[in-house]
Amino acid sequence: MSLRRERVELKTPEQIAVMRRSGKLLSQVHDMLADAIRPGITTAALDSLAEEMIRDHGARPNFLGYHGFPATLCISVNDVVVHGIPDDTALAEGDVVSIDGGCIVEGWHSDAARTHIVGAPRREADTALVQLTEQALWAGIAALATAERVGEVGAAIEDFVTEAAGETLSHLEGFGGHGIGTVMHQPPDVMNYRTRSRGPRVKPGMCLAIEPMLIQGPGDWDLEDDDWTVRATGGGRAAHWEHSVAVTAQGLVVLTAADGGAEGLAHHGLTPAPDPLAA
């Protein structure tokens, strides 16, 4: 048994610039999907649209074939929290739909998720779920800007959720974010709540996917027979938001945000580092 910690891959500024290209394309894919979502469209149709756009831009989907996953996107509807497999089921008015995807540009990965409500929400609680999960994401990203260790991200997310939602929302325990770069999932783990581990030190060149997943009510869940679909079992719906973020010597760049994170970080009094593609 080895006691050595897994090495965290640190990227050069040039490599981060390529990851920013991958992230900007993924942001455009998510924008396209947001426009396409409507009652009656199937999750399989959304998946096809995403794959076509990614390939048309000379990139590759990184979910497709990953450990045998059969689609370009994970699309999770209502009480499915993560890793839902697209199929021919049509979306209905008021459905809560989380879309998670990524792409590869010149060998470098991006990963991001957004949650949508199809048409008009059925309940105010669904709107609050989606909004608070996105806000929890930005609380975690903002914490990374000043963090000494990666574990501070999860602590900030937990603190935000506790203060904003109390016991009305639960974390999907056992799941979290991750390092990202030459592969989609790599060290370190980036949990969405406090753990006993403080995690590695935050250093320039570190790239992380931060992704809170929240469930209405209790956080109990089951893994379905397809070995992918994670479904909440307490009767609540779920939301999932994610961005890939780079730590640079000048600050953070939110790789999968169109504006590099300017709007989201501004709510926390922060400004992102210069966009590596702006030079």
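Cut-offs and rules
Residues numbered from 1 in each chain as written. Predicted model: local features only at pLDDT ≥ 70, side-chain atom pairs only at ≥ 80, totals over all residues. Heavy atoms only, no water. Pairing = 2+ DSSP bridges. Helix = DSSP H or I, 4+ residues; strand = E, 2+ residues; numbered from the N terminus. Axes fitted to C-alpha atoms, helices over the stretch in contact; angles between N-to-C directions. Contact = heavy atoms within 4.5 Å. Core = buried A, V, L, I, M, F, W, Y, C linked by side-chain atoms within 4.5 Å. Buried < 20%, exposed > 50% of the residue type's maximum accessible area, 1.4 Å probe, protein only. Left-handed = near helix turned anticlockwise from the far one by under 90°. Nonpolar A, V, L, I, M, F, W, Y, C, P; charged D, E, K, R; others polar. UniProt positions renumbered as here; feature names shortened; annotations may be inferred. Phe/Tyr/Trp six-rings, centres within 6.5 Å; stacked < 30°, edge-to-face > 60°.

1. Description of the sheet that holds strand E15 (residues 251-254)
Across a sheet, paired strands are connected by hydrogen bonds in the backbone, their directions being either parallel or antiparallel. Spatially, E8-E7-E9-E14-E15 is the arrangement adopted by the five strands of the open sheet, whose pairing is antiparallel. A single partner strand is all that each edge strand has here, and the edge strands are strand E8 (186-191) and E15. On average, each strand axis in the sheet is tilted by 25° relative to the strand beside it, whichever way the strands run. For strand E7 (residues 176-179) and strand E9 (residues 207-210), the ladder comprises two bridges, and the chain directions are antiparallel. Across the sheet, histidine 178 pairs through a bridge with alanine 209, a residue of E9. Here helix H3 (residues 124-146) sits on the sheet in contact with E9, strand E14 (243-248) and E15, set at roughly 10° to E14.

2. Structural notes on the nonpolar core
Membership of the largest hydrophobic core comes to 32 residues, with the highest contact counts inside it found for Ile141, Leu144, Leu169, Leu208, Ile210 and Val245. Every element with two or more residues in this core is listed here: H3, helix H4 (151-165), E9, E14 and E15. For this core, the element with the most residues is H3, which contributes nine residues. Filtering out sequence-adjacent residues up to four positions away, valine 245 remains in contact with Ile141, Leu144, Met206, Cys207, Leu208, Ile210, Leu252, Val253, Val254 and Leu255. Within the second largest apolar cluster, 31 residues are counted, among which are Ala36, Ile54, Ala246 and Ala273.

3. Structural notes on the pairing of strand E2 (residues 73-77)
By the criterion of burial, E2 is predominantly enclosed, with four of the five residues buried. Note: E2 against strand E4 (residues 96-105), five bridges, orientation antiparallel. Bridge pairing in E4 places leucine 73 opposite glycine 101.

4. What to know about the pairing of strand E5 (residues 108-117)
Taken across its 10 residues, E5 has nine buried, putting it largely inside the fold. Pairing of E4 with E5 involves 10 bridges; the strand directions are antiparallel. Across the sheet, residue serine 98 finds its bridge partner in E5, namely threonine 115. Taken together, E4 and the strand that follows it, E5, pair antiparallel across an intervening segment of two residues, in which glutamate 106 is found at a positive phi of about 50°.

5. Quick look at the sheet that holds strand E10 (residues 213-216)
With antiparallel pairing, three strands are arranged side by side in an open sheet as E6-E10-E13. Looking at which strands have only one partner, the edges of the open sheet turn out to be strand E6 (169-171) and strand E13 (238-240). Averaged over all adjacent pairs, the angle separating strand axes in this sheet is 25°, with direction ignored. Sheet strands touched by H4: E6 and E10. Its angle to E6, the strand with the most contacts, is close to 165°.

6. Some remarks on the packing of H3 against H4
Between two packed helices, the angle of one axis relative to the other and the distance separating the axes together describe the packing. As a packed pair, H3 and H4 sit with axes 8 Å apart at the nearest point and diverge in direction by 145°. For the pair H3 and H4, the crossing hand works out as right-handed. Listed contacts from H4 to Leu132, Gln135, Ala136, Ala139, Gly140, Ala143 and Leu144 of H3 are Glu152, Val153, Ala156, Ile157, Phe160, Val161, Ala164 and Ala165. A per-class count over the contact of H3 with H4 returns 12 nonpolar, two polar and one charged.

7. Things to note about the UniProt feature "domain: Peptidase M24" (unreviewed entry) in the protein
As recorded in UniProt, the feature "domain: Peptidase M24" (unreviewed entry) lies at residues 18-249. Structurally, residues 18-249 comprises 31% helix and 28% strand, and the distance from its first C-alpha atom to its last is 17 Å.

8. Observations regarding the packing of aromatic side chains
Evaluated as defined, the whole model comprises two aromatic pairs. Each ring, one from phenylalanine 69 and one from tryptophan 228, has its centre 5.0 Å from the other, and the planes form 80°; the classification is edge-to-face. Linking phenylalanine 69 in the loop between strand E1 (60-61) and E2 with tryptophan 228 in the loop between strand E11 (221-223) and strand E12 (230-232), this pair joins segments that are 159 residues apart in sequence. A ring pair is formed by phenylalanine 175 and tryptophan 221, whose centres lie 5.2 Å apart and whose planes are at 75°; its orientation type is edge-to-face. One end of the pair, phenylalanine 175, is in the loop between E6 and E7; the other, tryptophan 221, is in strand E11, with 46 residues separating them in the sequence. Classification of phenylalanine 175 as buried rests on a relative accessible area of 18%.

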